[in-house]
Amino acid sequence: NERTYIMIKPDGVQRGLVGNIIARFEQRLVQATEAHLENHYSDLKGKPFFPGLIKYMASGPVVAMVWQGLDAVKTGRAMLGTTNPLQSPPGSIRGDFALAVGRNICHGSDSVESAEKEIKLQGVVQYTTSLETWIFE
Ligand code: GTP
Ligand code: MG
């Protein structure tokens, strides 16, 4: 079982998409400050869009979640779609709801290592749900 870090970004929160997005993860994967963001996106430091990305990400509240399940990282990324919404397929969260690469609604960890770093940075508690035995053999 892997863990992945999914975050609904400020545009997703402001646009009232939180319930819709969480509902998608509930159906698919069960059991689940600027300094923070600069650390979270440290691999992108130096990119031309980095200052704008940090400003946008710090512009309002976000919703942070940890989802656990088989291939959680890849499953989460597939559900989100690609970075640029124009290349995201219909049915993906970014493909259905986002218009611009710099306003792509949700974050998803891109590897197990990133997920562990991001979850640690966020400080999310871990718990077990009673649904587990209904899902995993
Ligand atoms: P995250 O899930 O947010 O990490 O997105 P990602 O993994 O699909 O892309 P990446 O980590 O490479 O970039 C992080 C974020 O920076 C993206 O989600 C975009 O919002 C933004 N970003 C990436 N590339 C560009 C770009 O070329 N232009 C602009 N304006 N923003 C970009
Ligand atoms: Mg990324």
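These numbers were taken from a predicted model, which means no experiment stands behind them.

### Focus on the overall build of the protein chain
Looking only at helices and strands, one finds eight helices and three strands in the protein chain. Each helix and strand of the protein chain, placed in order from N terminus to C terminus, yields the pattern β-α-α-α-α-β-α-α-β-α-α. Its C-alpha radius of gyration of 15 Å places the protein chain within 12% of the 14 Å reference for a compact globule of 137 residues. With respect to the three principal axes, the spread of C-alpha positions in the protein chain is 45 × 30 × 25 Å.

### Re the site of ligand 1
Around ligand 1 lies a shell of 13 residues, among which K9, Y41, R77, T83 and N104 are the nearest. Take N104: an N or O atom from its side chain is 2.7 Å from an oxygen atom of ligand 1. In isolation ligand 1 offers 600 Å² of accessible surface; the protein chains occlude 76% of this area. Cavity membership is defined here by more than half of the atoms lying within 2 Å of grid points; on that basis ligand 1 lies in the largest pocket. Partitioning the shell around ligand 1 into residue classes produces five nonpolar, five polar and three charged.

### Brief notes about the UniProt feature "binding site: ATP" (unreviewed entry) in the protein chain
In the numbering used here, UniProt assigns the "binding site: ATP" (unreviewed entry) feature to K9, F49, R77, T83, R94 and N104. Within the annotated group, the residues that form the lining of the largest pocket are K9, F49, R77, T83, R94 and N104. Judged by relative accessible area, which is 44%, F49 ranks as partly exposed. Assignment of secondary structure puts R94 in helix α6 (residues 93–97). Classification of R94 by relative accessible area gives buried; the value is 5%. Here T82 takes part through its backbone oxygen, which lies 3.3 Å from a polar atom of the side chain of R94.

### Some remarks on the sheet that holds strand β3 (residues 106–108)
Here three strands make up an open sheet; going across it, the order is β2-β1-β3 and the pairing antiparallel. The outermost strands of the open sheet, each flanked by one partner alone, are β2 (63–69) and β3. Adjacent strand axes in the sheet meet at a mean angle of 20°, parallel and antiparallel pairs treated alike. Sheet analysis places strand β1 (residues 2–8) next to β2, joined by seven bridges and oriented antiparallel. Along β2, the bridge assignment pairs I8 with V63. Helix α7 (residues 112–122) contacts β1, β2 and β3 of the sheet and is inclined by roughly 60° relative to β1.

The rules we used
- Residues numbered from 1 in each chain as written.
- Chains lettered and ligands numbered in written order.
- Predicted model: local features only at pLDDT ≥ 70, side-chain atom pairs only at ≥ 80, totals over all residues.
- Heavy atoms only, no water.
- Helix = DSSP H or I, 4+ residues; strand = E, 2+ residues; numbered from the N terminus.
- Rg over C-alpha atoms; globule rule 2.2 N^0.38 Å.
- Near = heavy atom within 4 Å.
- Polar contact = N/O pair within 3.5 Å; in protein donor to acceptor, adjacent residues only side chain to side chain.
- Areas by Shrake-Rupley, 256 points an atom, 1.4 Å probe, with all protein chains shown as cover.
- 1 Å grid on protein atoms, 1.4 Å probe; cavity = no way out; pocket = protein on both sides within 12 Å on 5 of 7 lines; lining within 4 Å.
- Sits in = over half its atoms within 2 Å of the grid points.
- Nonpolar A, V, L, I, M, F, W, Y, C, P; charged D, E, K, R; others polar.
- UniProt positions renumbered as here; feature names shortened; annotations may be inferred.
- Buried < 20%, exposed > 50% of the residue type's maximum accessible area, 1.4 Å probe, protein only.
- Pairing = 2+ DSSP bridges.
- Axes fitted to C-alpha atoms, helices over the stretch in contact; angles between N-to-C directions.
- Contact = heavy atoms within 4.5 Å.

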